[in-house]
Amino acid sequence: MSEKTLSQKKLLGVAGLGWMFDAMDVGMLSFIIAALAAEWALTPEQMGWIGSVNSIGMAVGALVFGIFADRVGRKNIFIITLLLFSLASGLSAFTTTLTAFLILRFFVGMGLGGELPVASTLVSESVPAKDRGRVVVLLESFWAFGWLLAALISYFVIPSYGWQAALIIGALPAFYALYLRLKLPDSPAFSPKKAEKRTIGQNMRDVWSKKYARSTLVLWTVWFTVVFSYYGMFLWLPSVMVMKGFNLIQSFEYVLIMTLAQLPGYFTAAWLIERAGRKFVLVTYLLGTAASALVFGNAESIPMLIGSGMFLSFFNLGAWGALYAYTPEQYPAVIRGTGSGMAASVGRIGGILGPLLVGSLIASGQSIGFIFGLFCVSIVIGVVVLALLGQETKQIELE
């Protein structure tokens, strides 16, 4: 094994574990919302706010930490964001009111929202062009392992020991973040000298300069539609299963089965992305997501629910992997963190609106089928913009 391969694997492992802990936290939140609803007698709107506050934090975090990744380096921001979300997650276990819980969820979201685009930027800059797309999609696949951990912890821990115990387990990555500080090199593309010569305002303006405006428009649209539909659907999955007549334990079981389908979604996307290109994978997997959402929303029988839920997981998470590979490739190194962070931040606005919309539509008596139909339309809009305006970036050398 060559040194290059070894360091690439090490980098993937280090960044991937951070990614996995993030996913574990987001995944547990969907189960914790269902448990809190029972314990604190929450209304659908209040349940929606828990998911949305998380996304408000993610929008702020992606913007702020993305910008600072171009100023102080990818590695420093990666560690700061991991610590922030771990500590806030642990503290939220000790809350007794919805307000305190929401405030801490904002900080959890901030750490999470900043870490994801910065980690994908760090990895994409550290890997040769021929492997870059595949490695970033494999980085994203750690998300599925995090969700699986979340589902297992939620299934075995929450019913017996309460949601607080699950959140304390979610805080363990704080110790891992300190260990990371010693082990991780910064991105070879990051230059402190170049960073010092540029202002934050200049970096943000350049993202919308004539050269990058088209790419930015495509990214912002796709990010918004993907995150809007993902958080609207996946944060509500356990609760939707309960509404369809299953008890809490059954709904946890079925969501765990659906989550397993994320892994082949990632691995097939990783295999295809260097062969068929970023646009092909994104368009194909997003159309698969839209079709699965439509079937899931209208499914009545258990086989239809689980089958369409598995396809929803397969296609949606494969598309996420491709999006994280595609995003940093649109910009040169000096504005890559800013451009990726701004796109992710706009996406998180969709993540704020999605769960809130589901809560209000359920409260007003709309059917699950109608709600999932809206998510289907949203994704198709993103696909059309990408197909018409998006540029293929397969195996290009990064500036």
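Residues numbered from 1 in each chain as written. Predicted model: local features only at pLDDT ≥ 70, side-chain atom pairs only at ≥ 80, totals over all residues. Heavy atoms only, no water.

The contact between helix α2 (residues 44-72) and helix α17 (residues 333-363) brings their axes to 7 Å, and the two run at 175°. Classed by the angle they form, the pair α2 and α17 counts as roughly antiparallel. Of the residues in the contact of α2 with α17, the class split is 18 nonpolar, 11 polar and four charged. (Axes fitted to C-alpha atoms, helices over the stretch in contact; angles between N-to-C directions. Helix = DSSP H or I, 4+ residues; strand = E, 2+ residues; numbered from the N terminus. Parallel < 35°, antiparallel > 145°, perpendicular 65-115°, else oblique. Nonpolar A, V, L, I, M, F, W, Y, C, P; charged D, E, K, R; others polar.)

Together, Trp208, Leu217, Leu287, Val380, Val384, Leu388 and Leu389 make up an exposed nonpolar region whose accessible area comes to about 600 Å². Following the sequence through the fold, Val384 ends up in helix α18 (residues 368-389). By relative accessible area, Val384 is classed as partly exposed at 42%. (Patch = residues over 30% accessible without salt bridge, like charges linked within 9 Å, V, L, I, M, F, W, Y side chains within 5 Å. Areas by Shrake-Rupley, 256 points an atom, 1.4 Å probe, with all protein chains shown as cover. Salt bridge = Lys/Arg side-chain N within 4 Å of Asp/Glu carboxyl O. Buried < 20%, exposed > 50% of the residue type's maximum accessible area, 1.4 Å probe, protein only.)

Moving on: the domain arrangement of the protein chain. You can read the domains of the protein chain as domain 1 (7-186) and domain 2 (200-398). In this complex, domain 1 contributes 52 residues to the contact, which on the side of domain 2 involves 59 residues. Across the domain 1 to domain 2 interface the summed buried area is about 4,800 Å²; carbon plus sulfur atoms make up 73%. When the buried area of domain 1 at its contact with domain 2 is split by residue, Arg132, Val137 and Tyr155 rank highest and sum to 12% of it. Where domain 1 meets domain 2, there are two salt bridges. Note that Glu329 is salt-bridged to Arg132, the shortest N-O span being 2.8 Å. Inspection of the region where domain 1 meets domain 2 yields 17 residue pairs in polar contact (both at pLDDT 80 or more). Among the secondary structure elements, those contributing two or more residues to the side of domain 1 that touches domain 2 are α1 (3-39), α2, α4 (98-125) and α5 (129-156). (Domains from an automatic or database assignment. Contact = heavy atoms within 4.5 Å. Buried area = accessible area lost by both parts, 1.4 Å probe. Polar contact = N/O pair within 3.5 Å; in protein donor to acceptor, adjacent residues only side chain to side chain.)

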